[in-house]
Each structure stands twice: as C-alpha cells, then as structure tokens.
Number of protein chains: 2
Amino acid sequence: MPEPPVKPIEWLEDHIRIIDQRKLPATESYLDLKTAGEVADAITDMALRGAPLIGIAAAMGVALEACNSACDDWEVFSGRVADAIDLLSSTRPTASNLFWALRRMRRSMEKAATTRSPQDCRDAVVAEAVRIFREDLETGMSMGRTGADLIKEGHTLLTHCNAGGLATSGFGTALAPMYFAHSEGRRFSVYADETRPLLQGARLTAWELARAGIEVTVICDSACHLIMARGRVDLILVGADRITLSGDFANKVGTLGVALSARRNGIPFYVVAPTSSIDFQLERGDDIPIEERDSDEITHLSGVRVMPAGVAAYNPAFDVTPAEVVTGFITERGLIGPPFKENLNRIRPEAAQRR
Amino acid sequence: MPEPPVKPIEWLEDHIRIIDQRKLPATESYLDLKTAGEVADAITDMALRGAPLIGIAAAMGVALEACNSACDDWEVFSGRVADAIDLLSSTRPTASNLFWALRRMRRSMEKAATTRSPQDCRDAVVAEAVRIFREDLETGMSMGRTGADLIKEGHTLLTHCNAGGLATSGFGTALAPMYFAHSEGRRFSVYADETRPLLQGARLTAWELARAGIEVTVICDSACHLIMARGRVDLILVGADRITLSGDFANKVGTLGVALSARRNGIPFYVVAPTSSIDFQLERGDDIPIEERDSDEITHLSGVRVMPAGVAAYNPAFDVTPAEVVTGFITERGLIGPPFKENLNRIRPEAAQRR
C-alpha cells in the first residue's frame, strides 16, 4: 500500500490522535482524544471534518468508550456504549458517513451481544473501528486510481472545500485522483475555492496539495464563475457529504454554484465519494437535512468582528446539487454515469442491504 | 430633494471629505483629501469605491488640482490639470464612470481653454465637478423611484457587493429602490452577499441598510445558490461597473454566479446603474478589462495570514454577466428591457454623442 499524503487520524489503543485542522496551515498540531465525548466535541467544533473522516472518528469514539468502560455487567456496559453512539450521532446532521459508521458499530456490538460479554464486545468494536479506517484507505486508493485517468497532462482542475487526505483516512476523495495522477508524473494545476466561511480550501486544500508538490492557486468562491466562463478550467472534482439515490447530493455550501457554472460551460463535473456517502434510504436531495452553523463563523474574521453589531447572518454549511448537472460519481466501486438512479442502485452493497 | 441616507463625499472648496470605507462598520471616520494625488490613492486603496462614487471623486480630484495650481501661465496650468486627469484615469480600469467623469472634466477644461485663462478654467472645472455630484444625487432618486415599484410588501431581495449610498453620492444604485420602497412604508427584507474578498456586503451594505431600518441578513457569497434554489428570494438588484451596448455588464466578482442561479430559478434579476455606467463604445462583455487586485486581499484576513506561505491566490475584482440572464436595467432614464442592444442605444444621451 502506498503511503497516504497525510495522516489526519491514528488509533493508538487507549486514545486517538488527530491533526487539529482548525490550526492549519499555521500550525501542525495534534489532539489526543480519550473519550467518546471528546471525539464528539472535536467533530462538532470541526477540529476534524470531512464526511469520511467524521465517520472514522465516530467509530473510533465508540471503540474508545467500550474500552473505557471497565464494568463487567452487560446491561451497564452496553448502555454506556449505546449512549456514546447516540451522542456521536447528534454531532452533525448532514454527512451520510457518520450514520453509516455508527450503524456498523451498533451492528458489531449487537453481534457480540449474543455472548453478553463486555470483553468480546470491546474486541469486536475495536476491530470494526480499525476495519472502517483501513477500508477507507483502500477506498481512497481505489477512487484515486479511477479518477486519475480523467486528469490529463496540462489540465487545470477546480475543487471546492477540502475533500482531501484531511477529510478522510489519508488519501482523500476529490483530491485522491490528483495524488495518483501526480505520482504517475502528469503535470496539472488546481484552483482551490477558498470556501467561506471556514476557508477549508485556502487553509487545508492549499496546504495538502502544495505539500505534495501539486501547483495550487486559491480563489474567492465567487470567482469560480468568471474563471469557468473564460475557459480556464478543464475538470472539476468535488466530494460529497451525502448522495441520494437520484444522484442529487449534498456537499459544502457553494458546490451548487460551481456545478451550475460547470454545466453552463460544458466542463466535466465529477463527485468523488465512497459508497458510504450514499444514503440508499433517501430518494431526493430536498430530503437531506442541511446543517445550519453558528453565525459567528461569518460575523468575525480571525477573531475580529467585520459586520455591524445587531445584523444577522445566515450560515448553512451545505447545499444540494441536482443530479442533472453531475457528469459522474467516482466511488471505490468505479465510475458511475447516468442514469444515476439505476446505476447507483446497482452498486448498493448486498452487505449493506442485509445489515 | 429628500435627504440621502449617507454622505460618502463632500466638496468643501479647498478639499473634499470622504468616509473612509475601509474602516466601516467599526469606525465612521473621515478623510480630508487636498490633491488629485491623494484622491487617486484613495481610489486605488479603496478608501472610497463604487463606480459612480469613483467618477465623482475623480472629477473633484481634477477640480482640486486646478484650484491648487496658482500659476497664471496657461501652458503650465493646463499641463498640470491634464496630468491630474491622466493620473486619476490610471487608478482602476473596469468602472465606466471613472472615464466618463474624466471625459466631462477634460471637455469642460477644453471649453474654458478658448480664453486661456486659468481662473476661468478653475471656475469651470469646479462647477462641472459639483454638477456631476448633484446629477448623481438626482440620478439616484430617479432610479430609486423607478426600482421601488418592483419591491412588493413581504418580498425578500438579494444583492451582491455594495451598490448603495456609499457607492454613489448618497442614494445608491441597487439600494436606492430599497430606500424608496422603505420610505413608502413597504416591509421587505434583504440578503446581502458578504462579497469576498473585501466584504463590501457584510461591512457596507449591512451597515447602511440596518442604519436605515431595513432588515438585512448577511450570507456567504456561495450560499446564494442554496437560498435561491429553496425559493427564498423574490427579486435581485445589483449595480454595475460597466455596461456594454449588448447588455453584457461587469460588476463585482460573483455577480455572474448570482445571475446564473437567478435565471435557473426564474427570479427577476435587475441591474441598477446610471447611464454613465454604460460604455457606448463597447459591444460585448468580453471586451471589458477586468482589474486584478493584490492577492493579499485573499491570503490575509484581518491582518492574519490564512493560507500556506508560497501558495498563490488569483484575485479578479470583477466578472462579466451576459445580457441573456438580465431581466432589465434600471437607469435614471427608466426601466430598460430587452432587446438590450436596441433599447440601450435608444437612451444614448445626445449630449454624450456630441461631446
């Protein structure tokens, strides 16, 4: 297995270590999280973010809680783990992977419950959390290899937010194809939308692409339309927080605008996401709950208030892009083109249906 | 004449006084400018901004230079004033009003040149600068009255950047209809795009609308697409820095994205601008020069570097919206609908053709 470009999370038995993404790019500092509560706070406060990474961290949070509970009484033990799952599932509402990972953790606990042995259950949930992490690494590599074929010598790409190594176990979703094309020796450059309000593009995407030696230029989110209209973008790759069966998908607010300009200018627009981002229960994008975050993220810049006091700010964290403007989905199960409803349903994992 | 909601510029004979817009909304402070050079710096550094206000300030800068030149020798005097015009015309390349105002100043000087009297010329250029200012006040009122009819009780509006009193002599362009509808007693609310990188929406539009008692909510630029897709916007009013004969127009970067979503969602999209923003020499939007500003505006927030060192940022200040997505232009000569080429040409001022 090649080395991932970044290591945003590590399982270290009695704790997990994460990069504190709020401090990047100024400082590369790490947080040690020891309880499910600490993991939940890290997710809510966005010390870590990115749909796949949120799923991995939540799974590890459940595993930490199981290990921390020394009680041998099954009812007490399993109640505490169930509470941890509930707590973690309330952190952020939009990303599909969070609920997908917590369902896997719950099922793994339920299987172990047949023996009613806390120790068996601890072993099972730790193994499952580590498995979710490792699968994500493989998933990133698979999407990277598939997507890399779309990136040609001399291309200019555009991406929104950070769907990179930092959003996952290490290879990324939308950025994984860039890492693989780069390792195959192709030269290309990337426009990174800065991604207001928290600037994941300017802070995180720019940091990890530059670190890997890929040429990156940051633009204000609203400049993407001009750049596309002037013919300066060949390919767009973005991530997804939740994909519905119809192919409508939620991603960081602003993705919809990028997609509309891509469509208008005939620029291929691909969504790169693992199948764990697909919500096989939801039909349409309108049904996706959209997280609204604190208006402080807009009213202040670097701690300085920029807006008049008393004026409100509205801060939706995501938007929904309709399937009709998507060229294709790149998943670990290959490239999915339209008609999306049929083709997404076809890759519905049998295991997921049974579970 | 009703009082304008703000007074961003004042002619005080031997100097002009402007609100330092870079300090808003935290501080309402004023700058006294005494020379054409100081005015040019204020325009370049965006202590004042907004296409009509740039035109007014440049005209006043020429008048200041004429007053400052005590020389009675016509050649020396007129050379100095001509240099001031050249200097001011090099401040910002995109806004039409700057060149329009400087053409008026040059013509006014040329007329006075028949007597070769510096004093006659001083009187003429001061009178012309004050006339440009007063005409802009009347123009704002006229656009305000025309546009106010589009704003209905209970409407939600959206605007981008600041095309308000602060961008003009006091009534604004896109915000003028809001002030008039408000004074007529109608209740409505406004989404203001924050407008990266310099946040004219969050800082200036929010400030002047809230001050006037109009309900305003700030959003990140990229959130406009979600809000429009969810049916939360009834009407869009924006300004323009330069309108071409075809109806394509340049405005603050991001306007194009707003327009594309407006079109997709069937939301009326109006450009509010004086006829001095129309460039009757240019046919198409592709011919408009787009100012590229310093990347520091993107790389730093409130003085704090947010991007990795060594990563580039691209910072175009404007974009170009094609005529086909414009519902209409609101000018001091009324509401102009399509076909724009015919109808814009029809309002071409005879005086402007002759001058």
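Residues numbered from 1 in each chain as written. Chains lettered and ligands numbered in written order. Predicted model: local features only at pLDDT ≥ 70, side-chain atom pairs only at ≥ 80, totals over all residues. Heavy atoms only, no water.

A. Structural view of the pattern of salt bridges. Taken as a whole and judged by the stated rule, the model has 44 salt bridges over all chains. Glu 324 of chain B serves as the salt-bridge partner of Arg 264 of chain A, at 3.3 Å between the closest nitrogen and oxygen. With Arg 264 of chain A in helix 9 (residues 255-264) and Glu 324 of chain B in the loop between strand 15 (318-321) and strand 16 (328-331), this residue pair bridges two chains. For Glu 324 of chain B, a relative accessible area of 51% gives the class exposed. (Salt bridge = Lys/Arg side-chain N within 4 Å of Asp/Glu carboxyl O. Helix = DSSP H or I, 4+ residues; strand = E, 2+ residues; numbered from the N terminus. Buried < 20%, exposed > 50% of the residue type's maximum accessible area, 1.4 Å probe, protein only.)

B. Quick peek at the environment of Lys 111 of chain A. For Lys 111 of chain A, the position within the fold is in helix 4 (residues 96-112). The spacing of Lys 111 of chain A and Ala 124 of chain A is 13 residues in sequence and 8.6 Å in space, taken between C-alpha atoms.

C. Highlighting the interface of chain A and chain B. With 53 residues of chain A at the interface, the matching set in chain B holds 53 residues. Here chain A meets chain B over a buried area of about 4100 Å², counting both sides, of which 67% is carbon and sulfur. Of all residues in chain A, Leu 226, Arg 264 and Tyr 314 of chain A give up the largest surface area on contact with chain B, accounting jointly for 15% of the area buried on that side. Counting across the interface, chain A meets chain B through four salt bridges. The interface formed by chain A and chain B includes 14 residue pairs in polar contact (both at pLDDT 80 or more). Among the elements of the structure, helix 7 (200-211), strand 6 (215-219), helix 8 (224-229), helix 9, strand 14 (312-314) and strand 15 (318-321) of chain A are those that each provide at least two residues to the side of chain A that touches chain B. Residue composition of the side of chain A that touches chain B, grouped by class: 35 nonpolar, eight polar and ten charged. (Contact = heavy atoms within 4.5 Å. Buried area = accessible area lost by both parts, 1.4 Å probe. Polar contact = N/O pair within 3.5 Å; in protein donor to acceptor, adjacent residues only side chain to side chain. Nonpolar A, V, L, I, M, F, W, Y, C, P; charged D, E, K, R; others polar.)

D. Main features of the side chain of Asp 136 of chain A. Residue and element names in this part refer to chain A. Mapped onto the secondary structure, Asp 136 falls in helix 5 (residues 118-148). Within the buried set, Asp 136 has no salt-bridge partner at all; the shortest N-O distance to an opposite charge, 9.1 Å, is to Arg 104. Excluding its chain neighbours within four sequence positions, the residues that come into contact with Asp 136 are Pro 52, Ile 56, Thr 168 and Ser 169. (Lys, Arg positive; Asp, Glu negative; His and termini not counted.)

E. The arrangement of the sheet that holds strand 7 (residues 235-238) of chain B in detail. The eight strands lie next to each other as 14(A)-6(B)-5(B)-4(B)-7(B)-10(B)-16(B)-17(B), forming an open sheet whose pairing is mixed. The sheet is open, and its two borders are formed by strand 14 of chain A together with strand 17 (334-336) of chain B, each paired with just one other strand. Direction aside, neighbouring strands of the sheet carry axes that sit 30° apart on average. Direction of pairing for strand 4 (residues 156-159) of chain B relative to strand 7 of chain B: parallel, over a ladder of two bridges. Bridge assignment links Leu 157 of chain B to a residue of strand 7 of chain B, and that residue is Leu 235 of chain B. (Pairing = 2+ DSSP bridges. Axes fitted to C-alpha atoms, helices over the stretch in contact; angles between N-to-C directions.)

F. The arrangement of the nonpolar core in detail. Within the largest apolar cluster, 159 residues are counted, with the highest numbers of intra-cluster contacts made by Met 178 of chain A together with Met 178 and Leu 237 of chain B. Those residues within four positions of Met 178 of chain B in sequence are excluded, and the remaining contacts are Ile 151, Leu 157, Thr 159, Phe 188, Val 190, Leu 209, Ile 214 and Leu 237 of chain B. (Core = buried A, V, L, I, M, F, W, Y, C linked by side-chain atoms within 4.5 Å.)

G. Fine view of the packing of helix 5 (residues 118-148) of chain B against helix 6 (residues 176-183) of chain B. Residues and elements named next belong to chain B. It is the contact of helix 5 with helix 6, at a shortest axis distance of 7 Å, that shows an interaxial angle of 65°. On the basis of their axis angle, the class for helix 5 and helix 6 is roughly perpendicular. Handedness of the helix 5/helix 6 crossing: right-handed. For the pair helix 5 and helix 6, the contacting residues are Gly 140, Met 141, Met 143, Gly 144, Arg 145, Gly 147 and Ala 148 in the first and Ala 176, Pro 177, Phe 180 and Ala 181 in the second. (Parallel < 35°, antiparallel > 145°, perpendicular 65-115°, else oblique. Left-handed = near helix turned anticlockwise from the far one by under 90°.)

H. Geometry of helix 4 (residues 96-112) of chain B. Residue and element names in this part refer to chain B. An ideal rise of 1.5 Å per residue puts 24 Å on 17 residues; helix 4 measures up with 25 Å between its terminal C-alpha atoms. Here helix 4 has its buried residues at Ser 96, Asn 97, Leu 98, Ala 101, Leu 102, Arg 104, Met 105, Ser 108, Met 109 and Ala 112. In this structure, the buried side of helix 4 is in contact with helix 2 (51-68), helix 3 (74-89), helix 5, strand 8 (242-244) and strand 11 (278-279). (Expected span 1.5 Å × (residues − 1).)

I. Layout of the relation of the copies chain A and chain B. Take chain A, turn it by 180°, move it 0.0 Å along the axis, and it overlays chain B with an RMSD of 0.0 Å. Such a turn and shift between the copies fits a two-fold axis. Both copies share a contact surface, since 100% of the interface residues of chain A are interface residues in chain B too. (Least-squares fit on C-alpha atoms with pLDDT ≥ 70 in both.)

J. Up close: the sheet that holds strand 7 (residues 235-238) of chain A. Read across the sheet, eight strands follow the order 17(A)-16(A)-10(A)-7(A)-4(A)-5(A)-6(A)-14(B) without closing on themselves; strand pairing throughout is mixed. Looking at strand neighbours, the two that pair on one side only are strand 17 (334-336) of chain A together with strand 14 (312-314) of chain B, the edges of this open sheet. Sheet twist, expressed as the mean angle between neighbouring strand axes with direction ignored, is 30°. Judged from the three bridges that link them, strand 7 of chain A and strand 10 (residues 269-272) of chain A form a sheet pairing that is parallel. Looking at strand 10 of chain A, one finds that Val 238 of chain A is bridged to Val 271 of chain A.

K. The arrangement of the packing of aromatic side chains in detail. Under the counting rule described, the total for this entry stands at ten aromatic pairs over all chains. Centroid distance Phe 329 of chain B to Phe 340 of chain B: 4.9 Å. Interplanar angle 85°. Geometry classified as edge-to-face. Of this pair, Phe 329 of chain B sits in strand 16 while Phe 340 of chain B sits in helix 11 (residues 340-346), and the two are eleven residues apart along the sequence. Like Phe 329 of chain B, the residue Phe 340 of chain B is buried in the burial classification. Seen from the ring of Phe 318 of chain A, Lys 252 of chain A lies directly overhead, with NZ or CZ sitting 5.0 Å from the centre. Across the ring face of Tyr 314 of chain A, the terminal group of Arg 232 of chain B is positioned such that the distance to the ring centre comes to 4.6 Å. (Phe/Tyr/Trp six-rings, centres within 6.5 Å; stacked < 30°, edge-to-face > 60°. Lys NZ or Arg CZ within 6 Å of the ring centre and 35° of its normal.)

L. Main features of the state of the cysteines. On inspection of all chains with the given rule, the structure shows zero disulfides over all chains. This cysteine, Cys 224 of chain A, is not joined by any disulfide, and Cys 224 of chain B carries the nearest cysteine sulfur, 9.8 Å off. (Disulfide = S-S within 2.5 Å.)

M. Structural context of helix 2 (residues 51-68) of chain A. Look at helix 2 of chain A: 26 Å from first C-alpha to last across 18 residues, which is about the 26 Å you get at 1.5 Å a residue. Burial analysis of helix 2 of chain A places 16 of its 18 residues in the buried class, the great majority of the element.

N. Local environment of the environment of Ala 51 of chain A. Summarising the element assignment, Ala 51 of chain A is placed in helix 2. Along the chain, Ala 51 of chain A and Ser 276 of chain A lie 225 residues apart, while their C-alpha atoms are 9.3 Å from each other.

O. View of unusual backbone geometry. In this chain, Leu 24 of chain A is followed by Pro 25 of chain A through a cis amide linkage whose omega measures 5°. In this structure, Met 46 of chain B takes a positive phi of about 65° despite not being glycine. Within the secondary structure, Met 46 of chain B is located in the loop between helix 1 (36-44) and helix 2. Note on Met 46 of chain B: relative accessible area 5%, which makes it buried. Unlike most non-glycine residues, Cys 161 of chain B shows phi in positive territory, near 65°. Within the fold, Cys 161 of chain B resides in the loop between strand 4 and helix 6.

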